[in-house]
Amino acid sequence: MSMIGNYLKLSNEQLEAIINEPARAEEFAYPEDGDYPAGALDIDKSWHLIHFLLNGETWGGEGPLSNVVLGGHELPDTDAGYGPFRYLEPVEVRSTSEALASVSSEALWARFDAQQVQAAEIYPTSWSGDYGDREYISQNFETLRRFFSEAAASGKAMLMYLS
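Presented here is a report on the structure given in the accompanying data block. (Residues numbered from 1 in each chain as written. Predicted model: local features only at pLDDT ≥ 70, side-chain atom pairs only at ≥ 80, totals over all residues. Heavy atoms only, no water.)

**Points about helix 7 (residues 131-153)**
What sets the pattern is the α-helix's 3.6 residues per turn: residues three or four places apart point alike. Taking 1.5 Å per residue, 23 residues should reach 33 Å; helix 7 reaches 33 Å between its end C-alpha atoms and fits that length. Structurally, the start of helix 7 carries an N-cap: the backbone nitrogen of G132 is 3.2 Å from a side-chain oxygen of D130. Positioned one or two residues after helix 7, G155 has a phi angle of 70°, which is positive. (Helix = DSSP H or I, 4+ residues; strand = E, 2+ residues; numbered from the N terminus. Expected span 1.5 Å × (residues − 1). Polar contact = N/O pair within 3.5 Å; in protein donor to acceptor, adjacent residues only side chain to side chain.)

**Overview of empty space enclosed by the protein**
Taken as a whole and assessed by the stated rule, the structure comprises one cavity of 30 Å³ or more. For the largest cavity, the calculated volume is near 40 Å³. Those elements that place two or more of their residues in the lining of the largest cavity are strand 1 (5-10) and strand 5 (157-162). Considering only residue class, the lining of the largest cavity consists of six nonpolar, two polar and one charged. (1 Å grid on protein atoms, 1.4 Å probe; cavity = no way out; pocket = protein on both sides within 12 Å on 5 of 7 lines; lining within 4 Å. Points joined across faces, edges and corners; volume = space filled by probe spheres on them. Nonpolar A, V, L, I, M, F, W, Y, C, P; charged D, E, K, R; others polar.)

**Considering the environment of D42**
With respect to the helices and strands, the residue D42 is situated in strand 2 (residues 40-42). Residues D42 and Y7, spaced 35 residues apart in sequence, show a C-alpha to C-alpha distance of 6.4 Å. Excluding its chain neighbours within four sequence positions, the residues that come into contact with D42 are I4, G5, N6, Y36 and N140. Within the structure, the side chain of D42 is placed 2.6 Å from the backbone nitrogen of D44, a separation counted as a polar contact. (Contact = heavy atoms within 4.5 Å.)

**What about the packing of helix 3 (residues 47-55) against helix 7?**
Remark: helix 3 packs on helix 7, axes separated minimally by 10 Å, with the N-to-C direction vectors making an angle of 80°. The orientation of helix 3 with respect to helix 7, classified from their angle, is roughly perpendicular. Seen from helix 3, the contacting residues are L49, I50, L53 and L54; seen from helix 7, they are I137, N140, F141 and L144. Residues that form the contact of helix 3 with helix 7 fall into these classes: seven nonpolar, one polar and no charged. (Axes fitted to C-alpha atoms, helices over the stretch in contact; angles between N-to-C directions. Parallel < 35°, antiparallel > 145°, perpendicular 65-115°, else oblique.)

**Points about the sheet that holds strand 5**
Two modes of strand pairing occur in sheets, parallel and antiparallel, and in both the strands are linked by backbone hydrogen bonds. Taken in spatial order, the five strands make up an open sheet running 2-1-5-4-3, and their pairing is antiparallel. Edge positions in the open sheet fall to strand 2 and strand 3 (73-74), since each of these has one partner strand only. In terms of strand pairing, strand 1 meets strand 5 through six bridges, oriented antiparallel. What sits directly across from G5, in strand 5, is L162. (Pairing = 2+ DSSP bridges.)

**What to know about the pairing of strand 1**
Burial of strand 1 is extensive: six of the six residues sit out of reach of the surface. Summarising the sheet, strand 1 and strand 2 pair through three bridges and their orientation is antiparallel. Bridging across to strand 2, L8 finds its partner in A40. (Buried < 20%, exposed > 50% of the residue type's maximum accessible area, 1.4 Å probe, protein only.)

**Details of the pattern of salt bridges**
Applying the stated rule across the entire model yields three salt bridges. Close ionic contact of E150 with K9 constitutes a salt bridge, the shortest N to O distance being 3.2 Å. Placement of E150 in helix 7 and of K9 in strand 1 is noted, with a sequence separation of 141 residues between them. (Salt bridge = Lys/Arg side-chain N within 4 Å of Asp/Glu carboxyl O.)

**Some thoughts on the nonpolar core**
Grouped together as the largest cluster of nonpolar side chains are 37 residues, with contacts concentrated most on Y7, L49, L54, F148 and M158. Secondary structure elements with two or more residues in this core: helix 3, helix 4 (90-101), helix 5 (105-110), helix 7 and strand 5. Residue contributions to this core peak at seven residues, all from helix 7. If near-sequence neighbours (up to four positions away) are discounted, L49 is found in contact with W109, F112, V117, I122, Y123, W127 and I137. In this structure, L8, L10, Y87 and L159 belong to the second largest nonpolar core, which totals 14 residues. (Core = buried A, V, L, I, M, F, W, Y, C linked by side-chain atoms within 4.5 Å.)

Below, the structure written as structure tokens:
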């Protein structure tokens, strides 16, 4: 089974609902009707390499770029499939979006070093740095930048999870 990075834009009311009742995050992420939620983004298996290239760390990081993939506030007693649901408040979405705006996909890819990526065991451990990898990461990164920018412009919060 694959680990997929997921994002969902939330209104302030939705954010308040999941903070007050964390189990509701699953209702937003996995609606009963089975339809993919509106305001959602899936960056497939690119999540871990994007995080590593932005932060230079396998799981950690500091500052707003650490919030892009693996940051945020954990919702207690939740399980999205591969860890807890996490969220960013609107002010954090805005600062994260601003930090993302300063990193182009070319600058992100310039940080790629196959030996470092393999040593760090970045999921899914098959990154070679070839043209296909670069295009895959660049496309997902640009989509993610736009998603954060749109969310910030509309004052949205963000639900993030690995499924």
